[in-house]
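Residue-level listing of the chains:
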Amino acid sequence: MNIFEALRESHDRQRTYAKSLIKTSGDTPERVEAYKQLKAELQAHETAEERHFYIPLMEFDNGVDLSRHAIAEHHEMDEMMEELDETEMSSPVWLATAKKLSEKVHHHLQEEEQKFFQMAGKLLDDKQKEQLAGQYQKEFKAQLP
């Protein structure tokens, strides 16, 4: 498995969790669980991806701006999750923020898969792609609650 395949597995889960979340309503066990799943997945993914994909890409001149952009988007998602944590789940504001988070997640994943992966594919060799996948997966598992 290479780094792109490893990242896509998490991306698929993120899309599923984000879609499930915005279909929930009120302060219900379904919403609590959907948010818990998405938040855990995003946080573990962001940390592992930054350490074992974006930081290695920053060693290349062509990878710096790309990595900074992606990390900035991770930060935006973190801020939205903080906002969700501080808002009553039954509030319309909570759902509006959850929808913004879902849109940001989908935008970010699409951008990564269509732009960043192509650039990274040219910068990293096959051995690096495989090594990073192993490191990413190990870190991801360690980050899960």
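Values in this document were obtained by computation on a predicted structure and should not be read as measured data.

Caption draft 1: Looking closely at the overall build of the chain. Helix and strand counts for the chain stand at five helices and zero strands. Taken from the N to the C terminus, the helices and strands of the chain come in the order α-α-α-α-α. Its C-alpha atoms give the chain a radius of gyration of 16 Å, near enough to 15 Å, the size a compact globule of 145 residues would have. Principal axes of the C-alpha set define a box for the chain whose edges measure 50 × 25 × 20 Å. Buried residues in the chain amount to 44% of all 145 residues. Put simply, of all contacts in the chain between residues at least 6 apart along the chain, 78% involve residues at least 24 apart. Side chains of the chain give 19 positive and 30 negative charges; the mean places of these two sets differ by 4 Å.

Caption draft 2: Looking closely at the UniProt feature "domain: Hemerythrin-like" (unreviewed entry) in the chain. Within this structure's numbering, the places UniProt gives as "domain: Hemerythrin-like" (unreviewed entry) are residues 3-120. What you have in residues 3-120 is 87% helix and 0% strand, and the ends, taken at the C-alpha atoms, are 10 Å apart.

Caption draft 3: Structural context of the pattern of salt bridges. The final tally for this structure, using the stated rule, is 10 salt bridges. The partner of K104 in a salt bridge is E73, with the nearest N and O atoms 3.9 Å apart. With a gap of 31 residues between them, K104 in helix α4 (residues 92-123) and E73 in helix α3 (residues 61-85) connect regions that are remote in the sequence. The residues K104 and E73 share a single accessibility class, namely buried. By sharing partners, the salt bridges in this structure join D12, R15 and E113 into a single network.

Caption draft 4: Representation of the packing of aromatic side chains. One pass over the structure, following the stated rule, counts seven aromatic pairs. Taking 4.9 Å as the distance between ring centres and 65° as the angle between the ring planes, the aromatic pair formed by F53 and Y54 counts as edge-to-face. One aromatic cluster is present, formed by F4, F53, Y54, F116 and F117 through successive ring pairs.

Caption draft 5: Local environment of the side chain of E46. You can see E46 is positioned in helix α2 (residues 29-57). Those residues in contact with E46, other than ones at most four positions away along the chain, are H74, M77, D78 and M81.

Caption draft 6: Here's a closer look at α3. For α3, which comprises 25 residues, the first-to-last C-alpha distance of 37 Å matches the rise-based estimate of 36 Å (1.5 Å per residue) to within 8%. All of the buried residues along α3 are G63, V64, L66, S67, A70, E73, H74, M77, M80, M81 and L84. For α3, the secondary structure elements touched by its buried residues are α2 and α4.

Caption draft 7: Spatial organisation of the packing of α3 against α4. Two numbers describe how α3 lies on α4: the axes approach to 10 Å, and their chain directions differ by 165°. Relative to α4, the element α3 lies roughly antiparallel. α4 is crossed by α3, and the crossing has left-handed handedness. Considered class by class, the residues forming the contact of α3 with α4 number 13 nonpolar, seven polar and seven charged.

Caption draft 8: Here's a closer look at the nonpolar core. Core analysis: the biggest nonpolar cluster contains 20 residues, and I3, F53, L57 and Y136 have the highest contact counts within it. Going through the elements one at a time, α1 (3-22), α2, α3, α4 and α5 (126-143) are the ones with two or more residues in this core. Formed by 17 residues, the second largest nonpolar core is a distinct cluster that contains A18, Y35, A98 and L109.

Definitions and limits used
- Residues numbered from 1 in each chain as written.
- Predicted model: local features only at pLDDT ≥ 70, side-chain atom pairs only at ≥ 80, totals over all residues.
- Heavy atoms only, no water.
- Helix = DSSP H or I, 4+ residues; strand = E, 2+ residues; numbered from the N terminus.
- Rg over C-alpha atoms; globule rule 2.2 N^0.38 Å.
- Buried < 20%, exposed > 50% of the residue type's maximum accessible area, 1.4 Å probe, protein only.
- Contact = heavy atoms within 4.5 Å.
- Lys, Arg positive; Asp, Glu negative; His and termini not counted.
- Charge placed at Lys NZ, Arg CZ, Asp CG, Glu CD.
- UniProt positions renumbered as here; feature names shortened; annotations may be inferred.
- Salt bridge = Lys/Arg side-chain N within 4 Å of Asp/Glu carboxyl O.
- Phe/Tyr/Trp six-rings, centres within 6.5 Å; stacked < 30°, edge-to-face > 60°.
- Expected span 1.5 Å × (residues − 1).
- Axes fitted to C-alpha atoms, helices over the stretch in contact; angles between N-to-C directions.
- Parallel < 35°, antiparallel > 145°, perpendicular 65-115°, else oblique.
- Left-handed = near helix turned anticlockwise from the far one by under 90°.
- Nonpolar A, V, L, I, M, F, W, Y, C, P; charged D, E, K, R; others polar.
- Core = buried A, V, L, I, M, F, W, Y, C linked by side-chain atoms within 4.5 Å.

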